[in-house]
Amino acid sequence: MSAKGDMFYAWTNVSDIKGECGGAVTSILKYLLESKTVDAVLTVQKGADVFDAEPVVITDPADLVKSAGSLHCGTLLLPKLIKKYLNGAKDMKLAVTCKGCDAKAMYELAKRQQINLDNIVMIGLNCGGSVSPVLARKMITEKYGIDPNDVVKEEIDKGQFIVMTKDGQHKGIKIDELEEEGLGRRKNCQRCETKIPRQTDIVCGNWGVIGEKAGKATFVEICSDKGAMIFDGAVKAGVLATSAPEEKGLEIRDKIENVMIKMGKKNQETQFAEIGEGTDRLKYIMAETGRCIKCYGCIENCPICYCVECSTKKPHLVRPGQVPPDFMFQMIRFAHIADSCVNCGQCTDICPQNIPNSLFMHAQQVELEKMFGHKPGMDMELPVLAFAEEIDERARLNATGSDMIYENVFGEEK
Ligand code: FAD
Ligand code: SF4
Ligand code: SF4
Ligand code: SF4
C-alpha cells in the first residue's frame, strides 16, 4: 500500500503504450477510465504537427495511446477549458494532466467555485518549461537551419532542446544558449518556480530516474490520499510495474528541482528589473499597453477571470468603442487578478499586440505576495483582495447622484 509522500519508479505493462518515459501517466489514465473512477480524461495530443498540442477529451481507454508522450510546445492551460466547456466538472468525474501552471490554475478556479475539484483527479507533470509554437518554428528555421515542417519529434534532454526530422536528422542546442538570444522557453516559464506540482494527486517526471531504468521508467511521487488509492489500484489492475527509486536518483531529483527554482527566481529578478520600478514601471506598462486593441483575449483565457459581468465592459469605467482603451482597462485587470496570477503566460501568448501581459501581472503578484503573504495556486486560501467589495456604481449614482451626472456617465436617462 502506498501513502502520500511515497516515491517510485513506475513503468507500463501495456505493450501499446509508448510513453515519454515509462508510460506511467497513460497507464494510470487507462486504469482510471477502465475502473470507471472517472468518466473522461482531459489531456493533450499531437494535432497538425509536433508544435500543435490540441486539447482532447477521451472516454474510450483505447484512444489514450494517441495522447502518450510530452509536447513541449503544448503551452495551453487545461483548467479554464473545464470551466468553459465541461461545466466546471460539476456533473462529471475527470482526470486531467497538469503542469505546474495547470495545477495552480485548478486551485484558483476551485476556490472561486468555478470548478469542482472533488470531481477531478490531477495527474501532475514535472515541468522544466514549454516553448511557444510560434517561437519554436522561428528558432528551428533560423537557429537550427531546419525546416520546421520536417520535424517529427522534439524533446528536452540534458538542458538541450532537441529536434528530429523525418529524414533522420537530429539536432540539439542548449536551452541556456537559446535563451541568451531571446529564444528557448516562454518568458513566464523562465520565471516559473513550480517544477514539481505537488498540489496534484500524483506527480510524474523523469528527473531522478537513473541506472538501468533511465529513460524507461517514470518517477512517481504520491501527493494525496486519493493519489495513493489510484496508484495502488493501477498496480493491482496490472497496468503498472514499480520499483523503489535509487537513493542517488532521489538526491539528483532534489538537486535539479532546487537549481530550477533558483533559476526561476533569478529570471524573475532580471525580467522585473527590465521593466523598471515605481513610476518608471508604471510609465513602461502604460506605454506597452498603449498598443492594446481591446480584443479581450487576455481576459477570456485567464484562469483567474471569471466575473459574469466583466468590469472592463462597464461604460462608466472603460469608454466603449475606444481603441486603445483607457488605461482603466488594464487597471481593472490588475486590480482583479494581480494577487492571484499563477504566471501561466496565457495572456501573453494570446495577445495579438505582443504585450507582455503576464510579465506585468506576475511582477505585481510578487509584490503583493511580499505584502500579504498569499501564494496563488498552492492551497485553497482566498487572497486578501477577494474580501474587497466592488461598488455597483450605476446603482449608487442612481440612488444618490444628480440626473446630469448619471446621464453623463451612462449616456442614458436615470
Ligand atoms: P506518458 O505516459 O507519455 O503521458 C504523458 C501525458 O502528458 C499524456 O497524457 C499527454 O497527453 C500529457 N501531456 C503531454 N504534453 C502535455 C502538455 N504540454 N500539457 C499537459 N499535458 C501534456 N519531467 C521532468 O522530470 N523534468 C522536466 O523538466 C520536465 N519538463 C516537462 C515539460 C513539459 C512541457 C511537459 C509536458 C512535461 C515535462 N516533464 C518533465 C514530464 C515528462 O516529460 C513526462 O510527461 C513524465 O515523466 C511522464 O512520463 P510518462 O511516460 O509516464 O508519460
Ligand atoms: Fe511549466 Fe511553469 Fe511554464 Fe507552466 S509556467 S509550462 S509549469 S514552466
Ligand atoms: Fe495567467 Fe496572465 Fe491570468 Fe496571470 S494574468 S493567471 S499569467 S492569464
Ligand atoms: Fe489588449 Fe492584448 Fe488583452 Fe487583446 S490580449 S485585450 S490586445 S492586452
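Refer to the structure printed above.
First, a word on what this report is: a plain description of the structure on this page. All figures in this text were calculated on a predicted structure; none of them were measured in a lab.

**Here we look at the site of ligand 3**
Part 1 of the argument: Surrounding ligand 3, one finds 13 residues, the nearest of these being Cys302, Cys341, Cys344, Gly345 and Cys347.
Part 2 of the argument: Of all the secondary structure elements, the ones that give two or more residues to the shell around ligand 3 are α12 (346-349) and α13 (357-372).
Part 3 of the argument: Taken together, the residues of the shell around ligand 3 break down into 9 nonpolar, 4 polar and no charged.

**Some details on the packing of helix α9 (residues 278-289) against α13**
In a pair of packed helices, the angle between the axes and the distance between the axes together describe the arrangement.
Part 1 of the argument: Packing of α9 against α13 leaves a shortest axis separation of 11 Å and a crossing angle of 155°. Comparing their axes, α13 and α9 come out roughly antiparallel. Considering only the axes of α9 and α13, their crossing is left-handed. Two secondary-structure elements touch here, α9 through Arg281, Tyr284, Ile285, Glu288 and Thr289 and α13 through Phe360, Ala363 and Gln364.
Part 2 of the argument: Class assignment for the residues of the contact of α9 with α13 results in 4 nonpolar, 2 polar and 2 charged.

**So, the packing of aromatic side chains**
Part 1 of the argument: Taken as a whole and assessed by the stated rule, the structure comprises 6 aromatic pairs.
Part 2 of the argument: Aromatic side chains Tyr144 and Phe161 sit 6.4 Å apart centroid to centroid with 90° between the ring planes, which places their arrangement in the edge-to-face category. Taken together, the residues span a long stretch of sequence, with Tyr144 in the loop between α4 (133-142) and β6 (151-157) and Phe161 in strand β7 (residues 160-165) at a distance of 17 residues.
Part 3 of the argument: A relative accessible area of 3% means that Tyr144 is categorised as buried.
Part 4 of the argument: You can call Phe161 buried: its relative accessible area is 1%.
Part 5 of the argument: On the numbers, 6.2 Å between centres and 85° between planes, the contact of Tyr284 with Phe360 is edge-to-face. Residue Tyr284 is located in helix α9, and its partner Phe360 is located in helix α13; the two are separated by 76 residues in the primary sequence.
Part 6 of the argument: A residue is classified by how much of its surface remains accessible, and Tyr284, at 35% relative accessible area, is partly exposed.
Part 7 of the argument: On the basis of relative accessible area, Phe360 is assigned to the buried category, the value being 1%.
Part 8 of the argument: It is Lys313 that lies over the ring of Tyr296; its NZ or CZ is 4.7 Å from the centre.

**Here's the deal with the pattern of salt bridges**
Part 1 of the argument: Under the counting rule described, the total for this entry stands at 23 salt bridges.
Part 2 of the argument: Arg112 is the partner of Glu108 in a salt bridge, and the nearest nitrogen-oxygen pair spans 2.7 Å.
Part 3 of the argument: For Glu108, a relative accessible area of 0% corresponds to the buried category.
Part 4 of the argument: In this structure Arg112 comes out as buried when scored by relative accessible area, which is 11%.
Part 5 of the argument: Measuring nitrogen to oxygen at the nearest pair gives 2.8 Å for the salt bridge that ties Glu221 to Arg253. Remark: Arg253 occurs in helix α8 (residues 247-274) and Glu221 occurs in strand β10 (residues 218-222); sequence separation between them is 32 residues. For the pair formed by Glu221 and Arg253, the shared burial category is buried.
Part 6 of the argument: Each of Arg198, Glu221, Arg253 and Glu257 takes part in salt bridges that share partners, so that together they form one network.

**A look at the site of ligand 4**
Part 1 of the argument: Ligand 4 sits among Cys292, Ile293, Lys294, Cys295, Tyr296, Cys298, Phe329, Cys351, Pro352, Gln353, Ile355 and Asn357.
Part 2 of the argument: The pocket occupied by ligand 4, as judged from atoms lying within 2 Å of grid points, is the largest cavity.
Part 3 of the argument: Looking at the shell around ligand 4 residue by residue, the class counts come to 9 nonpolar, 2 polar and 1 charged.

**Quick word on the sheet that holds strand β1 (residues 7-12)**
Part 1 of the argument: Strand order in the open sheet made by the 8 strands is β3-β2-β4-β5-β9-β10-β1-β11, with mixed pairing throughout. A strand with exactly one partner marks an edge of an open sheet, and here the two such strands are β3 (53-58) and β11 (240-243). Taken pair by pair, the neighbouring strands of this sheet meet at an average axis angle of 30°, ignoring direction.
Part 2 of the argument: As paired strands, strand β5 (residues 120-125) and strand β9 (residues 202-205) are joined by 3 bridges and run parallel to one another. Bridge pairing links Leu125 to Cys204 in β9.
Part 3 of the argument: Along the sheet, helix α1 (residues 24-34) makes contact with β1, β2 (40-46), β3, β4 (94-98), β5, β9, β10 and β11, crossing β5 at roughly 170°.
Part 4 of the argument: Taken strand by strand, helix α3 (residues 100-111) contacts β4 and β5, and its axis lies near 130° from that of β4.

Cut-off values and rules
Residues numbered from 1 in each chain as written. Chains lettered and ligands numbered in written order. Predicted model: local features only at pLDDT ≥ 70, side-chain atom pairs only at ≥ 80, totals over all residues. Heavy atoms only, no water. Near = heavy atom within 4 Å. Helix = DSSP H or I, 4+ residues; strand = E, 2+ residues; numbered from the N terminus. Nonpolar A, V, L, I, M, F, W, Y, C, P; charged D, E, K, R; others polar. Axes fitted to C-alpha atoms, helices over the stretch in contact; angles between N-to-C directions. Parallel < 35°, antiparallel > 145°, perpendicular 65-115°, else oblique. Left-handed = near helix turned anticlockwise from the far one by under 90°. Contact = heavy atoms within 4.5 Å. Phe/Tyr/Trp six-rings, centres within 6.5 Å; stacked < 30°, edge-to-face > 60°. Buried < 20%, exposed > 50% of the residue type's maximum accessible area, 1.4 Å probe, protein only. Lys NZ or Arg CZ within 6 Å of the ring centre and 35° of its normal. Salt bridge = Lys/Arg side-chain N within 4 Å of Asp/Glu carboxyl O. 1 Å grid on protein atoms, 1.4 Å probe; cavity = no way out; pocket = protein on both sides within 12 Å on 5 of 7 lines; lining within 4 Å. Sits in = over half its atoms within 2 Å of the grid points. Pairing = 2+ DSSP bridges.

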